[in-house]
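These are the residues of each chain, in order.
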Amino acid sequence: MRTLLCYTREPIDEFYYDARLAYSMHLALDFDGEMKALNHNSGVLFPLATENENGSLNPKCIKHPFIFNLKGGDFGVLAVRTDGEGNADEESKGTVILFGSGDLLEYRELGLIELSDGYIERAVCEYNEEKDTYIIKYTTDGCKWTGVSMKDIVGSYDSAEVLGEVEAPSFDLPETDIEGAHPECVIDIPDDIAERLALKLTVPNHIATEFPQVVNAGTKEELFAIRAAALYSDGTKAQKRIDWDLSFVDWNVSGEYEIEGTIHQDHFEFPVAFNRADPCIAKWNGKYYFIATNDADGNHTLYVREADSIPELVDAQEKLILDSDTYPFAKGLLWAPEFHVVDGKLYIFLALTSGEFFWEESHVMELCEGGNPSHREDWSEPRRVVKEDGTNICEEGRVITLDMTCFEWQGDYYAVWSQREFVPVDLGAWLYIAKINRKEPWKLASEPVVLSKPDYGWANNHTFVDEGPFTIIQDDRLILTFSSAAVDTSYVVGILTIEKGKNILVRANWKKGNYPILTSRSVSGEFGTGHNAYVIDDYGDLWNTYHARPGIKGVRSSGIRRVHFDIDNLPRLDLVEEYDVNPDLRKVKTKLILGSKKD
C-alpha cells in the first residue's frame, strides 16, 4: 500500500492559477516518504457545469474533496460543490457531490446527496464493512458534526438514517511544500493503483537505449533502416533513427566494422514562429507545408511555407496565398487554416468573415489539379460550408463557426468544428460533428450533432469555449484533442476518444477526459498552450504543432514537439526534448557485418 494525498490549491491570480483550476481535486503520491505532486500540480477531478433551459452553462468547482473506499473495491469522492469562483452555490445548497472511480484517473459524476437545509461546509464518508453501511459525517458550521447512515450511497437515499450529532472526524494531514497545496485527506491505496497513477501523471523520461550488438547490412540504406529503441521510465518505448559515423567503412569491402552513431533528434526551439497561432503542417506531393493564423497583422493574411522536411520549414520563405483584399466576402479575421486531403485532393479549411466578428464562418479552399500549395493562384476562392441541402449551418450575425477540421474514419469523411451562439444569449463555443461530402467537402452529408460543451472548470475559465479540434487516428480508436477556455494563459488541451465500431455521430459514445492533457504548467515557459494539429513525417514519427505564449504576456507563437504515447497508447504532449532523448544516452555502438558488394 502507498499513501495518496488529496488536496486543493490556493488560487494565485488570473494568469497563473485561478479559482476555476485551484478548486478541483489534486493528487500527490508518497515517494520514499516524500509527497510529490502529480499531473504538474494541476487538478485531475472537476465537476460538470449545470445547464439552463436556454442552453447556457453554470460553472462549478469543488472544495474539500474526500476520497474513500466504496463497497466492491472502487473509490468514492465526496466534495462540496461551489459556484465557478469557489463561493457558496445556491444549486448545491444542503448537498454534497459524489464521484466514483476505479483507478483515480477516470471519474463518474454520480450526483448530489441531500443532507441538510443549510450549506454544507465539509463532509467525509466511510464504508463500514461489518454493518454494510456508509456513514457520512458533515458540518454546516465547522463545529457541530451530524451523521447519516445509508446502505447504498450510489443509489437511493430514501432509507438514509439520521444519526444526529456525532464526534468530529480526525484529520491527520501531512505537511507538504507542494506549491499552494491545501491538504484535504490521505488514503492508502494498493500498489498497482499507485503505480498506474505515477506512470500516467508524471512525465516519462528516456532511461535506456537498446540496439543490436551485431547488425548485418549490405548498404547504407539497410543500416539506416535499423532503429534504436529508446526506453522510458513508464515502460513505453519509441523507435529512433541513428546518425552513423561511416567515414571509415568501405562498402565495397566485406568485413566487420565497429561503428558508432548518435540518436537522431530534430531540434525545435520554442517558438519556431512568433505571432503565428493555430499552426498546421501537412505533407503533399513529397513536400511539407506550414500554414497558421497571422497575428502580426490582425489576421488579415495567410502565408504558406514549403520545404523538403519539417525542420526546414522553420526557416523557409513565407508566400502569401490569401489576404483580406482578395475577395469582397473575405475582409479579415482569417482564422485557423488547416490543410486536409479529402478523396485525393488538397483543401484548406479556414474561417473568415464578410464583415464584423459576428459574421465569422467556416470556409473551404480547393487546390487546383497539379497546383502548388504555396502559389496563391492555384487555390480556389473560399466556399462557405453549408448543410446537405445548401442552406447555411447557422444564421450569420448571430452564430459563428470556426476551427473546422476534417478526417477520414471507417470509410467516411467527417468534420468537427467550433460553433458559438451569441444572440439572444451567449452560449459559449461548442464542438459539433457531421459527415461531409467527399466530392464537395464544403457540404455536410448529415445533420450537425453536438460533440462537446465547455462544461468543466478548465474549459470555461475566463470564457466558455471548446475549439481547435484535431484527430489522431489509431487502428482501434479515434482520438480527438481540442482546446478550451480563453486564448490567454487559461488555454488548455482536452481529449475525447471513441472506440472503432461505434457511431461517432452519437455524443454518448465518446469518452471525455476529466482533466486537460496540456496546460500552462506542462512545459516551463510556455503559457496558454493549445490549438494542436498533427502530422506524420517520412519516418513515421507524429509531430504536434501548437501555439503558446513565451511568457504570460507573450504573443501567440508556434511550437513543434514530438508526440509520445503513454502506457494506454494515448498522446503525451508534454515530453520535452531532453526527456525524449537523454543527452547522456544518445551514443550507440554496434558491430557492422558487411557482405560482399552486391551486383
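Reference entry: report on the structure contained in this document. Predicted model only: the values in this text are computed from it and were never measured.

## Some remarks on a nonpolar patch on the surface
Alright, step 1. Together, Ile12, Phe15 and Tyr16 give the surface a local cluster of nonpolar side chains, amounting to about 270 Å² of exposed area.
Alright, step 2. Of note, Tyr16 is situated in the loop between β1 (2–9) and α1 (19–22).

## Concerning unusual backbone geometry
Where the residue is not glycine, phi is negative for most of them; where a peptide bond is considered, it is trans in most cases.
Alright, step 1. Here the residue pair Phe270 and Pro271 is connected by a cis peptide bond, since its omega of -5° sits within 30 degrees of zero.
Alright, step 2. With respect to the helices, strands and loops of the structure, Pro271 is situated in the loop between β20 (255–263) and β21 (276–284).
Alright, step 3. With omega at 5°, the peptide bond leading from Val423 into Pro424 counts as cis.
Alright, step 4. Backbone geometry at Asp32 places phi at a positive 55°, although glycine is not the residue there.
Alright, step 5. Its location among the elements puts Asp32 in the loop between β2 (26–31) and β3 (34–37).
Alright, step 6. The class for Asp32 is exposed, based on a relative accessible area of 85%.

## Focus: the packing of aromatic side chains
Alright, step 1. What the rule picks out here adds up to 20 aromatic pairs.
Alright, step 2. When the ring of Phe339 is compared with that of Trp379, the centres are 6.4 Å apart and the planes differ by 35°; the resulting orientation is tilted. Remark: Trp379 occurs in the loop between β27 (360–366) and β28 (383–384) and Phe339 occurs in strand β25 (residues 332–342); sequence separation between them is 40 residues.
Alright, step 3. Classification of Trp379 as buried rests on a relative accessible area of 6%.
Alright, step 4. Taken together, Trp335, Phe357, Phe358 and Phe422 form an aromatic cluster joined through their ring pairs.
Alright, step 5. Taking NZ or CZ as reference, Arg122 lies 4.0 Å from the ring centre of Phe171, over its face.

## Remarks on the sheet that holds strand β34 (residues 477–484)
Alright, step 1. Pairing within the open sheet is antiparallel, and its four strands lie in the order β33-β34-β35-β36. Only two strands of the sheet have a single neighbouring strand rather than two, namely β33 (466–473) and β36 (511–512).
Alright, step 2. Note: β34 against strand β35 (residues 492–499), eight bridges, orientation antiparallel. Bridging across to β35, Ser483 finds its partner in Val493.

Scoring rules and cut-offs
- Residues numbered from 1 in each chain as written.
- Predicted model: local features only at pLDDT ≥ 70, side-chain atom pairs only at ≥ 80, totals over all residues.
- Heavy atoms only, no water.
- Patch = residues over 30% accessible without salt bridge, like charges linked within 9 Å, V, L, I, M, F, W, Y side chains within 5 Å.
- Areas by Shrake-Rupley, 256 points an atom, 1.4 Å probe, with all protein chains shown as cover.
- Salt bridge = Lys/Arg side-chain N within 4 Å of Asp/Glu carboxyl O.
- Helix = DSSP H or I, 4+ residues; strand = E, 2+ residues; numbered from the N terminus.
- Buried < 20%, exposed > 50% of the residue type's maximum accessible area, 1.4 Å probe, protein only.
- Phe/Tyr/Trp six-rings, centres within 6.5 Å; stacked < 30°, edge-to-face > 60°.
- Lys NZ or Arg CZ within 6 Å of the ring centre and 35° of its normal.
- Pairing = 2+ DSSP bridges.

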